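So the chains spell out like this:
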Amino acid sequence: MTENLGRVPRIYELCADGIRVGISDFGAAINYIRIQTERGWRDVCLGFDDADEYILSGTYCGATIGRVANRIKDARFLLGGREYVLSANDNKNCNHGGKEGVDRKFFHADPCGNMLELTLVSPDGDMGFPGELKLAVRYAIGARRLDITYTALSDKDTLWAPTCHAYFCLDGVQKGNCLDDMLKIYADSYTPLAADMTPVGNILPVKGTPFDFTSFRAIGERINKKCEQLEIAGGYDHNFVLKGSHAATAYGSESGISLDVYTDMPGVQLYTGNFLRGRSRFGELSPRAGFALEPQFFPDSANRKEFIAPVLRAGEIKTHYISYIFGSV
Ligand code: BGC
């Protein structure tokens, strides 16, 4: 299959004690994560078998996102006194790097022991972003953990803010929805959305709202509550302001499989798969089949003085990381 791509993505498997991960060279994407339990192996991450299906679905399932994760309002930004116009793919906004972000590119894959390094050169002006960007994504596996390191270098000042768009269902993806997964996010505040899904610009406390995940709550517990912010997004699709590098802990209420997410980026997007669709490896996807926890710079931070902008200076080498650590409760 994958007729439109003209090339079949290759999946590389990384294995360690209690964990097996498949990584695709198309989009440097996580294709599967299998965790060993007392009752056998469980798939806890959504994935597509067919890259054309993946593209059609518009889900970004498992992919590396770039050059800039999340939305840039009106697909434009100012840097060094110059305005850059980006590829708009989310009404007037640029989402997840534009129409052909790095999630739709083949990377060069280089396996080495317990690691896989994937590299890509994004040309100057790609999707409107300045500078030739050299990007390396390194996946390293250890006992029940997966560490992702992103490294970037540009020959011009530019923006760069990656994420990993893995969708999880810790009760096992065959279940078809993630609503019973329990979640705790290490954040006291979040950035509310305007109607176009870009941030209003303020930061609000989560206390007393359905966004309060400061103690464990089932993802589905308050998702249908009457709340303007949930209505705008059709569920959770919001950036949380992290207090430190430990972003979140989740676990399957039935499987007991737990996941801890760590990062050096300032925010995490909780997206409850509100528009999930497409024929995945596990059958037709429905909304809420999985949830994504996307460590990130705040959405539209390039245009918001209140937020830290993800500027990468010419010649500077920057790295960011995301770690997923699995266990049991
Ligand atoms: C975004 C959603 C979007 C989804 C799939 C998420 O990261 O926040 O708004 O629908 O990706 O594109």
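A brief look at the structure comes next. This one's a predicted model, so the numbers in the text were calculated from it and none came from an experiment. (Residues numbered from 1 in each chain as written. Predicted model: local features only at pLDDT ≥ 70, side-chain atom pairs only at ≥ 80, totals over all residues. Heavy atoms only, no water.)

Moving on: the pairing of strand E24 (residues 267-271). Of all five residues in E24, five are buried; the element is thus mostly enclosed. Burial of the side chains of E24 extends over both faces: Gly-267, Gln-269 and Tyr-271 are buried on one face and Val-268 and Leu-270 on the other. The pairing of strand E21 (residues 237-242) with E24 spans five bridges and is antiparallel. Paired with Val-241 across the bridge in E24 is Gly-267. Relative to strand E27 (residues 291-296), E24 is paired through five bridges, and the arrangement is antiparallel. Across the sheet, Gly-267 pairs through a bridge with Gln-296, a residue of E27. (Buried < 20%, exposed > 50% of the residue type's maximum accessible area, 1.4 Å probe, protein only. Helix = DSSP H or I, 4+ residues; strand = E, 2+ residues; numbered from the N terminus. Pairing = 2+ DSSP bridges.)

Under the defined criterion, the tally for this structure stands at 17 aromatic pairs. With 6.1 Å between their ring centres and 80° between their planes, Phe-48 and Tyr-54 make a pair best called edge-to-face. Judged by relative accessible area, which is 5%, Phe-48 ranks as buried. Looking at Tyr-54, the relative accessible area reads 7%, which means it is buried. Note on Phe-213 and Tyr-236: the rings are 5.3 Å apart at their centroids and 65° apart in plane angle, and the pair reads as edge-to-face. One end of the pair, Phe-213, is in the loop between strand E19 (204-205) and strand E20 (217-218); the other, Tyr-236, is in the loop between helix H2 (228-233) and E21, with 23 residues separating them in the sequence. Accessibility expressed as a relative area gives 0% for Tyr-236, which makes it buried. (Phe/Tyr/Trp six-rings, centres within 6.5 Å; stacked < 30°, edge-to-face > 60°.)

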